Structures are given as C-alpha cells and as structure tokens.
Amino acid sequence: MSTPIHALLFLGFIESGWIAHGPESLPLALGTLLLTFAWTEIWHYASHLAMHHRWLHAIHREHHKSRLTTAWTSVSFSLGEKLIFSAGILGFIALASRLHPLSELGIFAYYILYFVTNTLGHANFEFREPEYRKSFMGRIFNSPAYHAMHHARYIRNYGLLTPWLDQLFGTCWEDESEVQTRAARSQPLTHLGERPAHKDMR
Ligand SMILES: [Zn+2]
Ligand SMILES: [Zn+2]
C-alpha cells in the first residue's frame, strides 16, 4: 500500500500549493531531483535510526518481518512509516520551495528513482559486480547486499541509496564489502548469523 500513499501525499502537497512550483526547465528539474535525493538520504537515515529505538520500533516492525527480503519487502511498511517517510520528504521540499520555486517533474523523477532502486535493493539478488564497493559507483551508491545485511542482522547499514551517513556516523557493517563480493560471485552467506570477516554469530 506504500505507493498510493506516496502518490496521494505528493498530489496533496502540489494541489494545496504547499510546494511552490515554477515553470518547468531541465536545470530546475535536475536541481530539484538532486535536492530531493540529498534530503531524502538525510531524512531516511535519521528517521530509520530513530525507528530502531525501542520507543519507535513498533512503527518499523512491519518492514523487518522479512529477514530475507524479496521485491515485495520494498512495499511492506506500516502506514505510519510511509507517512513519516513521505511527509518528511515533501515537508522539507515545501519549505525549500518558499526560497525558490521547485520542479514537480524533479520530485516525480525522484520518486520513480526511489521505486526502482528500492525494489532492486530488496530483490535479494546482487546484480553489481564483485568488489563493487571499491568502484567509483560503489563509493556513491549502495548495492542490494548492503540493505540485505540490514534485514538479516537487524541493525547497521541504515542508509537508503548511499552509504555516506553510515560511514560518517560509524553504523556500517565492517564486512559489507566482503559480503557484497561473495554475493556477486554467487557465494552468499549461508545463514543469517554468518560473519565472514569476524566471529560467527550463529
Ligand atoms: Zn530497519
Ligand atoms: Zn528494507
């Protein structure tokens, strides 16, 4: 049910005039896309980390019913979690649009990017090459294995599309690059507690 929630909130923020939008142009659309992307990384990291606190965890429990994810996990959230996620994105964009009108197309493009990458990120299939995290793209964007580790181990690797905030705040799994390479070589971890670089937790 998450996609209709995003669409309804997006429409509501646009139609109510809360998001001030200007004449569409490529630079405005790209700028809005980048702003939405950067803010969502921050908002998702902060709200996701907060929802791992026991006081807020009830909101996030639904999503963690999958220890091994499937593409369907990418749409398995409580109503509260989806409202927090999307209202946080659109609320900030509405405030930013008071400084400069933004592009509806840019926000829409971000949501398309989010739906595609989030589905791939939960597909439990490592489509990136081995040693991806050491490549140029891998230093910018997460791989499916990165988020699969969050579900398998329940903590750390909180980032959405990038690992930057996990790296900045020390919440990365230290063996995430190794696990990614093993998954890409069709030699994935064999049980949820396996820790290739460190002590086996089974
Ligand atoms: Zn989580
Ligand atoms: Zn997830």
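Residues numbered from 1 in each chain as written. Chains lettered and ligands numbered in written order. Predicted model: local features only at pLDDT ≥ 70, side-chain atom pairs only at ≥ 80, totals over all residues. Heavy atoms only, no water.

## Focus: the coordination of the zinc ion (ligand 2)
Within the first shell, the zinc ion (ligand 2) binds the protein through H63 (NE2), H122 (NE2), H147 (NE2) and H151 (NE2), at distances of 2.0 to 2.1 Å. Metal-centred angles of 95 to 152° between the 4 donor atoms at the zinc ion (ligand 2) mark the site as irregular. According to the relative accessible area criterion, H63 is buried, its value standing at 3%. (Donors = N, O, S within 2.8 Å, 3.2 Å for Na, K, Ca; no water. Tetrahedral: all angles 85-135°; square planar, octahedral: opposite > 155°, others 65-115°. Buried < 20%, exposed > 50% of the residue type's maximum accessible area, 1.4 Å probe, protein only.)

## With respect to the nonpolar core
In terms of nonpolar packing, the biggest core is built from 20 residues, with F13, I19, L90, I93, I107, Y110 and L160 touching the most fellow members. At the level of elements, α1 (2-15), α4 (79-99) and α5 (104-121) are the ones that each hand at least two residues to this core. It is α4 that contributes the most residues to this core, 6 residues altogether. Beyond its immediate stretch of four places on either side in the chain, F13 contacts W18, I19, A87, L90, G91 and A94. (Core = buried A, V, L, I, M, F, W, Y, C linked by side-chain atoms within 4.5 Å. Helix = DSSP H or I, 4+ residues; strand = E, 2+ residues; numbered from the N terminus. Contact = heavy atoms within 4.5 Å.)

## Regarding a nonpolar patch on the surface
A surface patch of nonpolar side chains, about 580 Å² in accessible area, is lined by F108, I112, V116, L120, F125 and F127. Summarising the element assignment, F127 is placed in the loop between α5 and α6 (136-140). Assessed through its relative accessible area of 38%, F127 is described here as partly exposed. (Patch = residues over 30% accessible without salt bridge, like charges linked within 9 Å, V, L, I, M, F, W, Y side chains within 5 Å. Areas by Shrake-Rupley, 256 points an atom, 1.4 Å probe, with all protein chains shown as cover. Salt bridge = Lys/Arg side-chain N within 4 Å of Asp/Glu carboxyl O.)

## Focus on α4
In this model, α4 (21 residues) spans 31 Å end to end at C-alpha, consistent with the 30 Å of a helix rising 1.5 Å per residue. Taken residue by residue, α4 has E81, K82, F85, S86, G88, I89, L90, I93, A94, A96 and S97 as its buried positions. (Expected span 1.5 Å × (residues − 1).)

## Some thoughts on the packing of aromatic side chains
Evaluation of the coordinates by the stated rule reveals 12 aromatic pairs. A ring pair is formed by F10 and Y111, whose centres lie 6.0 Å apart and whose planes are at 45°; its orientation type is tilted. Separated by 101 residues along the polypeptide, F10 in helix α1 and Y111 in helix α5 bring together distant segments of the chain. Note on accessibility: F10 and Y111 belong to one class, buried. (Phe/Tyr/Trp six-rings, centres within 6.5 Å; stacked < 30°, edge-to-face > 60°.)

## Here's the deal with the coordination of the zinc ion (ligand 1)
The protein atoms donating to the zinc ion (ligand 1) are H48 (NE2), H52 (NE2), H60 (NE2), H64 (NE2) and H150 (NE2), with metal-donor distances spanning 2.1 to 2.2 Å. Read from N- to C-terminus, the donor residues coordinating the zinc ion (ligand 1) fall into the pattern H-x3-H-x7-H-x3-H-x85-H. H60 shares its class with H52; the two are buried.

## Quick word on the side chain of T36
Looking at the secondary structure, you find T36 in helix α2 (residues 26-51). A distance of 2.6 Å separates a polar atom in the side chain of T36 from the backbone oxygen of T32. Discounting chain neighbours no more than four positions away, the residues touching T36 are I89, I93, I107 and Y110. (Polar contact = N/O pair within 3.5 Å; in protein donor to acceptor, adjacent residues only side chain to side chain.)

## Some remarks on helix α9 (residues 176-184)
Along α9, the positions that sit buried rather than exposed are E176, S177, V179, Q180 and T181. At the C-terminal side of α9, S186 shows a positive phi close to 60°.

## Looking at the packing of α2 against α5
When two helices pack together, their arrangement is captured by the angle between the axes and the distance separating the axes. Contact geometry of α2 with α5 gives a least axis separation of 7 Å together with a crossing angle of 50°. Classified by the angle their axes make, α2 and α5 are oblique. In this structure, α2 crosses over α5, and the sense of that crossing is right-handed. Across from A29, T32, L33, T36, F37 and T40 in α2, the residues of α5 making contact are G106, I107, A109, Y110 and L113. A breakdown of the residues in the contact of α2 with α5 according to their chemical character gives 7 nonpolar, 4 polar and no charged. (Axes fitted to C-alpha atoms, helices over the stretch in contact; angles between N-to-C directions. Parallel < 35°, antiparallel > 145°, perpendicular 65-115°, else oblique. Left-handed = near helix turned anticlockwise from the far one by under 90°. Nonpolar A, V, L, I, M, F, W, Y, C, P; charged D, E, K, R; others polar.)

## Regarding the pattern of salt bridges
Enumeration over the complete set of coordinates arrives at 5 salt bridges. A salt bridge links E131 to K134, with the nearest nitrogen and oxygen atoms 2.9 Å apart. Relative accessible area serves as the criterion here: at 32%, E131 is assigned to the partly exposed category. When its relative accessible area of 53% is taken as the criterion, K134 is described as exposed.

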